[in-house]
Amino acid sequence: MASERDSGSKERPEEEQQQGGVAFETPEIKFTKLFIDGRFVDAVSGRSERGRIITRFADLVEQHADELAALESLDAGKQPAVTKALDIAAAAGSLRYFAGAADKIHGETLKMRGPFQGYTLREPIGVAGLIIPWNFPSTMFGIKVAPALAAGCTMVVKPAEQTPLSALYLAHLAKEAGIPDGVINVVPGFGPTAGAAIASHMQVDMVSFTGSTEVGRLIMEASARSNLKPVSLELGGKSPLIIFQDADLDMAVELAITANLFNKGEACVAASRVYVQESIYDRFEKKLTESLKSWIVGEPFSDPLVRQGPQVDKNHYERVLSYIERGKREGATILTGGKPCCQKGYYIQPTVFTGVKEDMVIAKEEIFGPVMCLMKFKTVEEAIERANDTTYGLGAGVVTKDMDVANRVVRSVRAGVVWVNCYFALCSDCPFGGRKMSGFGKDEGMHALDKFLAVKSVVSPLRGSPWM
Amino acid sequence: MAGENNGASTFQFKMPEIKFTKLFINGRFVDAVSGRTFETRDPRTGDVIASIAEGDKEDVDLAVRAAREAFDHGEWPRMSGSERGRIMTRFADLVEKHTDMLALLDSLDAGKLAAATKMFDIAATAGSLRYFAGAADKIHGETLKMQGQFHGYTLREPIGVAGIIIPWNMPCTMFGTKVAPALAAGCTVVVKPAEQTPLSALYLADLAKQAGIPDGVMNVVPGFGSTAGAAIASHMNVDTVSFTGSTEVGRLIMEASARSNLKPVFLELGGKSPLVIFDDADIDMAVELAINANLFNKGEICVSATRVYVQEGIYDQFEKKLTESLKSWVVGDPFDPRVNQGPQIDKTQYERVLNYIEHGKREGATVLTGGKPCGQKGYCIEPTIFTNVMDDMTIAKEEIFGPVMCLMKFKTVEEAIERANDTVYGLSAGVVTKDMDVANRVLRSVRAGMVWVNCYMVVCSDCPFGGRKMSGFGKDEGMHALDKFLVVKSVVTPLRGSPWM
């Protein structure tokens, strides 16, 4: 039974208790702020405050998942159900992950030689330029914007010209979430104009870019010529998937298909070079062909049975087809596919080449479409050598039950992410990024923050302290 | 007025035999493919010390090939970290054993004070080698908290062949701070010392071999920036470049990388660092700091505090004490223990500094002291202080890299911070005050990679060193210096039938 006391009283009847025979009431808690310099003041919450706003942003992304998935799928030819379950979930996931990281950006105290106190501070680098690609627009927005925000940076985002819709919608949600004006700016436009302007801007303090290797070069060059801003580049790949004879054949076939056809092959880590050990090769080829018979390419919005939508635009569609023609001319064999399909739009059949030589263009250059090069190998040494015989170094996959084989291959391949008995398994805590001509710098994981932070060392003398 | 001793020495000095003058590739000293040589000169006199083999593109190719082979198929990256550490420790021991010779070579080549070189430069070189020797078996990755039934972890692996391009101001120290983490990480290296100072790098190469560093792991190719340096920066088989030097050359290196194989680069470039001295500072200590911060190593230091801001309450006293202190400052033969400042590194740099001084005079700044060359031969310049400097004068904006200080006055802490940050550079800064709150405020507000409070130029192996803005990116020293030479590999596999994640 509630008692009628003055307003502001926090007492509740259940808190009246007998203590040694004396009843007492819970007092009104009048003073809840910090008392500094003679006044009550709010805490300057700084970092955890940013985390709360970023979390609200994540909430809004989840609340609007359907719209975002629809925009994305429309813009990029993606499947709405998959986009909602994977892409948008990942975008919200990154926002939450880095919201939780914002108040955990630690520097270190140092062990100086001599009586000095030394420590490092990790401070926001300033204005970040974020240039994102068209294959996973919302996810890319999330994984780049989230750590930049958490670090305390402000940013200018340039979404790809093929897919501007979700970025603008996300900007609107950011404002709703309480991200102050000017912190996130989104400027859709073209690479050679808007993108180049960001890369060469004297007031942009760093650029994080995901996209093609050729554009990565231009960005690094532009930085060198302008203000020497550090750049972080996540570029192309020609990732190998190595399947050993002890592999579960059905699982391996499914992996190879997913690794090549997920998102119509428009994924930087697509395992476009599949190496199968010779003793299971024929069976693998047979099961692969069989599986692909039921693979449906078509309009991704209306038919839930469709597994693969159209390529992102005409340019890209023509590019992929011309690589397929090249492969035919080079003498590779078409196991399945090899042609466009459907009456309009940019649909291409899932295509598997066999009889591929390592020096063929289709085996060396990134096609970024539903095209797999299927090859045979004998020994683990050969597989490793061929896997590494590329200028790229982004992803790699190994399928085997043998722990020693797995460990050996994992350690020997020159790649930034290696999947064992799986592919594409990623999450917010897992650093993602390549080496060699796949670029440098990581997205996701606590170290993704490093791109957006400047380390400051501070040293002062220790006087009269017997302990160092 | 600073004292001088004419560059000609009454101090007994015996020219050492220069044993190593060739390129060091794959464990052997060899001539350049072209057969060409270049001269390295003594800045006390301008005379030639020795002729050194001149490495060019073909030589870099050979060195990179050796380094590539040593990495891809050799033992160095496959050794355990502790084994690498043991060899590096032997290397550090040898550096210490040969301190005198190394100090001599650097002092001769670069006009550095012999005693200081021995005590600081060579000690720091050995210190870096020991520090990273101890780090080699502590290169940790992480296990991850995957979302879902997966085991995830990261491995930090050597990136491969590292190109290391070092400057002429602290040759041995620079060699140490860059080569040590590269070796500890398991990389192989191609080092290009500055053309002005090739001697100590070649001597160090021989010590490395003596220590047991396998052939091909460390290669040293003296030569010029536009030939040998450019060849390294644009080489398709070099996996990373770490560079310390001027901002202009930093640009070229980043561009060359972008056009070749997109190798990550790490640049430690110029600076125009501010030293901010408040009213409550101990004036004698502040004067001494300002002098060291500007004249150490004849001002040829990237972190030189060439913009000194003194709060107006103590400005006049400061100026007076500064002038007084410099009266006994001796410029001359750096092998003479009485001398405080040796010659600038070479004719080009000498003329450049004098040009800046003339520019300052033309711009209307006042020469408080110095402002002229000194000595009959060689490249000595008087310690020079400009006052009445406007922030937009060239001498206040551009890095001079010589014994030239801009002394300015300020009123409030806000003003000091604003002016301190009004630069394209961001290498370092100093604050002198007893007030903890002022110190904290300034150190948080200045945009610099390194902030010294009530001290200056205090560095050590555990302290990350490097700038921001146009002073570059990437750190030397400290465990994170290893990051430049490592690639992170994430490994993910499914967890099957495990109730715990």
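How each quantity is defined
Every residue gets a number counted from 1 within its own chain, in the order that chain's sequence is written. Following the order in which they are written, the chains are lettered starting with A and the ligands numbered starting with 1. In view of the model being predicted, local features appear only for residues whose pLDDT reaches at least 70, and side-chain atom pairs are presented and counted only at 80 or more, with totals across whole chains, interfaces and linings using the full set of residues. As a rule here, side-chain values cover all heavy atoms of the structure and leave hydrogens and water aside. Helical segments are the DSSP runs of H or I of at least four residues, strand segments are the runs of E of at least two, and each set is numbered from the N terminus. For a compact globule the rule gives 2.2 Å times the number of residues to the power 0.38, and the radius of gyration it is set against comes from C-alpha atoms. It only takes one pair of heavy atoms within 4.5 Å for two residues to be counted as in contact. Each accessible area is a Shrake-Rupley estimate made with a 1.4 Å probe; only the visible protein chains count as cover when residues are assessed. By the counting rule applied here, Lys and Arg register as positive and Asp and Glu as negative, while His and the ends of each chain are not counted. Taken as the charge location is NZ of Lys, CZ of Arg, CG of Asp or CD of Glu. In summary, the pairing rule links any two rings of Phe, Tyr or Trp, Trp by its six-membered ring, whose centres are within 6.5 Å, and it sorts them by plane angle into stacked for under 30 degrees, edge-to-face for over 60 and tilted for everything else. The classification of residues rests on relative accessible area computed with a 1.4 Å probe and restricted to protein chains. Under 20% of the type maximum is buried, over 50% is exposed, and intermediate values are partly exposed. Here, a charge over a ring means that NZ of Lys or CZ of Arg falls within 6 Å of the ring centre while also lying within 35 degrees of the ring normal. Two parts placed together each lose some accessible area under a 1.4 Å probe, and adding up what both lose gives the buried area. Whenever a carboxyl oxygen of Asp or Glu lies within 4 Å of a side-chain nitrogen of Lys or Arg, that contact is scored as a salt bridge. Only the contacting stretch of a helix is used when fitting its axis, a line to C-alpha atoms as for every element, and angles between N-to-C directions run 0 to 180 degrees. These descriptions rest on fixed angle ranges, namely under 35 degrees for roughly parallel, over 145 for roughly antiparallel, 65 to 115 for roughly perpendicular, and the rest for oblique. Amino acids are sorted into nonpolar (Ala, Val, Leu, Ile, Met, Phe, Trp, Tyr, Cys and Pro), charged (Asp, Glu, Lys and Arg) and polar (every other residue, Gly among them). Each crossing gets its hand from how the near helix is turned against the far one by less than a right angle, where anticlockwise is left-handed and clockwise is right-handed. By definition, two strands form a pair when at least two bridges between them are found by DSSP.

1. Quick word on the overall build of chain B
Phase 1 of the analysis: Across its full length, chain B carries 14 helices and 23 strands.
Phase 2 of the analysis: Computed over the C-alpha atoms, the radius of gyration of chain B is 24 Å, within 12% of the 23 Å expected from 2.2 N^0.38 for a compact globule of 501 residues.
Phase 3 of the analysis: Principal-axis analysis of the C-alpha atoms gives chain B an extent of 75 × 60 × 40 Å.
Phase 4 of the analysis: If you take every contact in chain B between residues at least 6 apart in sequence, the share linking residues at least 24 apart comes to 75%.
Phase 5 of the analysis: With an accessible surface of roughly 18400 Å², chain B has 52% of that area assigned to carbon and sulfur atoms.
Phase 6 of the analysis: Between the mean site of the 54 positive side-chain charges and the mean site of the 62 negative ones, chain B shows a separation of 3 Å.

2. Details of the packing of aromatic side chains
Phase 1 of the analysis: Overall, the coordinates contain 19 aromatic pairs over all chains when judged by the stated rule.
Phase 2 of the analysis: Considering the side-chain rings of Phe136(A) and Phe262(A), the 6.0 Å spacing of their centres and the 25° angle between planes classify their relative orientation as stacked. Of the two residues, Phe136(A) sits in the loop between β6 (127-131) and α4 (137-151) while Phe262(A) sits in the loop between α8 (249-261) and β12 (273-277), which places them 126 residues apart along the sequence.
Phase 3 of the analysis: A relative accessible area of 22% means that Phe262(A) is categorised as partly exposed.
Phase 4 of the analysis: Look at Tyr350(B) and Tyr379(B): their rings are 5.5 Å apart centre to centre, the planes differ by 50°, and that puts the pair in the tilted class. Here the residue Tyr350(B) occupies a position in helix α11 (residues 347-363), and Tyr379(B) occupies one in the loop between β16 (373-374) and β17 (380-381), the gap between them amounting to 29 residues. The residues Tyr350(B) and Tyr379(B) share a single accessibility class, namely buried.
Phase 5 of the analysis: Feature note: the residues Phe136(A), Phe262(A), Trp419(A), Tyr423(A) and Phe424(A) constitute an aromatic cluster, connected by ring pairs.
Phase 6 of the analysis: One Lys or Arg, Lys376(A), reaches over the ring of Tyr281(A) and ends 4.9 Å from the middle of that ring.
Phase 7 of the analysis: Between Lys409(B) and the ring centre of Tyr315(B), over which it is positioned, the NZ or CZ distance is 4.9 Å.

3. Section: the interface of chain A and chain B
Size of an interface: often given as the accessible area lost when the parts come together.
Phase 1 of the analysis: Every contact between the two is made by 65 residues of chain A and, on the other side, 68 residues of chain B.
Phase 2 of the analysis: Here chain A and chain B share an interface that buries about 5000 Å² over both sides, 59% of which is from carbon and sulfur atoms.
Phase 3 of the analysis: Scanning the region where chain A abuts chain B turns up 5 salt bridges.
Phase 4 of the analysis: Of the charged contacts in the structure, one is a salt bridge between Arg225(A) and Glu255(B), with a shortest N-O distance of 2.7 Å.

4. Concerning the packing of helix α3 (residues 99-110) of chain B against helix α6 (residues 199-211) of chain B
Residue and element names in this part refer to chain B.
Phase 1 of the analysis: Two numbers describe how α3 lies on α6: the axes approach to 8 Å, and their chain directions differ by 160°. Between α3 and α6, the angle is such that the two are roughly antiparallel. Of α6, the residues touching α3 (which contributes Met 101, Leu 102, Leu 105, Asp 106 and Asp 109) are Leu 199, Ser 200, Tyr 203, Leu 204 and Leu 207.
Phase 2 of the analysis: Counted by class, the contact of α3 with α6 contains 7 nonpolar, 1 polar and 2 charged residues.

5. Considering the packing of helix α2 (residues 81-97) of chain B against helix α4 (residues 114-135) of chain B
All names here are of chain B.
Phase 1 of the analysis: Running from N to C, α2 and α4 cross one another at 165°; their axes reach a closest spacing of 8 Å. One element, α2, and the other, α4, form an angle in the roughly antiparallel class. The handedness of the crossing between α2 and α4 comes out as left-handed. Across from Gly 85, Met 88, Thr 89, Phe 91, Ala 92, Asp 93, Val 95 and Glu 96 in α2, the residues of α4 making contact are Ile 122, Thr 125, Ala 126, Leu 129, Arg 130, Phe 132 and Ala 133.
Phase 2 of the analysis: Grouping the constituent residues of the contact of α2 with α4 by class yields 9 nonpolar, 3 polar and 3 charged.

6. Remarks on the sheet that holds strand β15 (residues 366-369) of chain B
Backbone-to-backbone hydrogen bonds join strands into a sheet, with any given pair of strands oriented parallel or antiparallel.
Phase 1 of the analysis: An order of β5(A)-β21(A)-β21(B)-β20(B)-β12(B)-β13(B)-β19(B)-β18(B)-β15(B) is seen for the 9 strands of this open sheet, with the pairing classed as mixed. Since the sheet does not close on itself, it has two edges, and those belong to β5 (116-124) of chain A together with β15 of chain B, each with one partner. The sheet shows a mean angle of 25° between the axes of neighbouring strands, direction not considered.
Phase 2 of the analysis: Examined bridge by bridge, β5(A) and strand β21 (residues 453-461) of chain A share 9 bridges and lie antiparallel to one another. Of the residues in β21(A), the one forming a bridge with Arg122(A) is Val455(A).

None of the figures reported here should be taken as evidence of function without further support.
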